Amino acid sequence: MIGEKTMSENVSGDPQIQTQAEKKKVMLSGIQPSGDLHLGNYLGAIINWGARSDEFDCFYFMADLHTITVRQEPAKLRQRTLEQLALYIACGLDPEKNTLFIQSQVPAHAQLGWVLECYTQFGELSRMTQFKDKSEKHKDNINAGLFAYPSLMAADILLYRPDYVPVGEDQKQHVELTRNVAERFNSIYGDVFKIPEPYIAKTGARIYGLTTPDSKMSKSIPEGCVFLMDDPDTIARKFKRAVTDSDTERCVRFDRENKPGVSNLMNIYSTVTGKSFEEIEKEFEGKGYGVFKPAVGECVIDTLRPIREEASRIIKDKAYLESVYKNGAERASRVADRTLAKVYKKVGFVSLK
Ligand code: ATP
Ligand code: LTN
């Protein structure tokens, strides 16, 4: 059995690359088109996706089925789903090398989601922090989908038999639940599902809000959230207003506990530039926060500029986007339907064929 130890060894580690060319390892992840993509999504998740497209078979999707667990405006959801696809591509995910698709266009997700709900315990779902947070935030709409969400996420993952699921730290609990559900199912029916590992990068795994360095960067606090489509002036302004710390030392030093604001900015700078914390401390030695904050802003502006420009171009090309998601849905369905057929057979459904 694969336990917590094996998993946490992989967290912060580098996914091992399988040398046998004939069987590539599989990576899969998704993001809800519930708001505009932000720096947290990019540094926590997407940045790790593109880097390995040559070595892995990669599946990345827009998790629109998940998005309706919170009430959405239909036209906006449609628009954001397409914008997210354009941004995936602009962030470097080549549709030729990665299967990019829209979750609701691959029916196997909803189908396996239902089956897995019957193999997930009420108690397990009750412990999910995302459920607790979101039901606190949306007290007037604590629906069954919000509660059962992790079973659908388990289906998203298990359909593709991925080795790694690259996500930010906040999703680790859901990947753990996926592993438990898969192991439970396998213990009854044999080796149906592959047990996936979360892949959580060393830096960037948790980006905090620029104005709230004690809580994660999130679209629900837009002042402290840098969106990938923000223009350079807006980004510069957000970084200038970033909360630093009220300690007397006023120097750039990594100390998560006592200097959360500065440490968060260092984490962003490190993830974007690849520099270590020691290198950053040295670079800004003797310089105050007034120099450091705009410097972090500048490097983020430089990183996001080509992404924003490319996404703006792609989003106008509706025919291209359509060809990408159609092709993606076809490729994804081919893999997903195979797993679903196996599951249906195992649980005892009568096959049409
Ligand atoms: P919300 O703003 O409602 O919390 P979100 O922006 O976190 O939503 P998700 O769809 O929940 O969006 O997250 C998409 C991916 O981005 C996940 O892999 C998640 O772990 C990662 N992620 C989101 N926010 C951050 C963050 N602040 N730091 C690092 N990774 C993040
Ligand atoms: N739950 C995730 C989005 C998500 C996902 C997935 C991530 C849905 N299905 C499968 C990885 C794999 C979130 O809210 N960030």
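For the structure itself, look to the data block above.
Starting afresh in each chain, residues are numbered from 1 along the sequence in its written order. Chain labels run from A onward and ligand labels from 1 onward, assigned in the order the entries are written. The predicted origin of the model limits local features to residues at a pLDDT of at least 70 and limits the giving and counting of side-chain atom pairs to 80 or more, whereas totals for whole chains, interfaces and linings rest on all residues. Remark: hydrogens and water are excluded; side-chain values derive from all non-hydrogen atoms of the structure.

The next thing to look at is the pattern of salt bridges. When a carboxyl oxygen of Asp or Glu is within 4 Å of a side-chain nitrogen of Lys or Arg, the pair counts as a salt bridge. Summed over the entire model, instances satisfying the criterion amount to 14 salt bridges. A salt bridge links Asp302 to Arg305; the nearest nitrogen and oxygen atoms lie 3.3 Å apart. Pair noted here: Asp302 and Arg305 are both in helix α13 (residues 289-316), with a separation of three residues, about one helical turn. The class of Arg305 is partly exposed, set by a relative accessible area of 32%. Elements are defined by DSSP. Helices are runs of H or I of four residues or more, strands are runs of E of two residues or more, and each kind is numbered from the N terminus. Think of it in three bands: residues with accessible area under 20% of the maximum for their type are buried, residues over 50% are exposed, and the middle band is partly exposed, with areas taken using a 1.4 Å probe on protein chains only.

Close contacts around ligand 2 come from 15 residues, with Gln32, Tyr149, Met153, Asp156 and Gln171 the closest. Side-chain atoms alone can form a polar contact between residues adjacent in sequence; in general such a contact is a pair of N or O atoms within 3.5 Å, and within protein one must be able to donate a hydrogen while the other accepts it. Separating an oxygen atom of ligand 2 from a side-chain N or O atom of Gln32 is a distance of 3.1 Å. The side chain of Tyr149 places a nitrogen or oxygen atom 2.4 Å from a nitrogen atom of ligand 2. Per-residue and other accessible areas were derived by the Shrake-Rupley procedure at a 1.4 Å probe size, with only the shown protein chains allowed to occlude residues. Alone, ligand 2 offers 360 Å² of accessible surface; in the complex the protein occludes 91% of this. Elements with a contribution of two residues or more to the shell around ligand 2: β1 (25-31) and α8 (144-158). With four residues, α8 is the single largest residue contributor to the shell around ligand 2. Whether a residue is near a molecule or strand depends on its heavy atoms: it is near if one of them lies within 4 Å of it.

The subject of this paragraph is the site of ligand 1. In the neighbourhood of ligand 1, 19 residues make up the surrounding shell, with His38, Asp170, Ile207, Lys216 and Lys219 lying closest. Between an oxygen atom of ligand 1 and a side-chain N or O atom of Asp170, the distance comes to 2.5 Å. Isolated, ligand 1 exposes 600 Å² of accessible area, and the fraction of that covered by the protein chains is 94%. When residues in the shell around ligand 1 are grouped by element, the largest group, four residues, is from helix α2 (residues 39-50). In the shell around ligand 1, the residues fall into six nonpolar, nine polar and four charged. Classification used: nonpolar for Ala, Val, Leu, Ile, Met, Phe, Trp, Tyr, Cys and Pro, charged for Asp, Glu, Lys and Arg, polar for all others including Gly.

The subject of this paragraph is the nonpolar core. Nonpolar cores were defined as sets of buried Ala, Val, Leu, Ile, Met, Phe, Trp, Tyr and Cys residues, with membership established by side-chain atoms within 4.5 Å. In this structure, Leu39, Tyr88, Phe239, Ile268, Phe292, Val300 and Leu304 are the most contacted members of the largest nonpolar core, which totals 57 residues. Top element by residues in this core is α13. It accounts for 11 residues. Whether two residues are in contact is decided by their heavy atoms, any of which lying within 4.5 Å being enough. Aside from chain neighbours lying at most four places away, what touches Phe239 is Leu39, Leu210, Val226, Leu265, Ile268, Lys293, Val296, Gly297 and Val300. Of all hydrophobic cores here, the second largest spans 42 residues; its members include Ala108, Val175, Val181 and Ala329.

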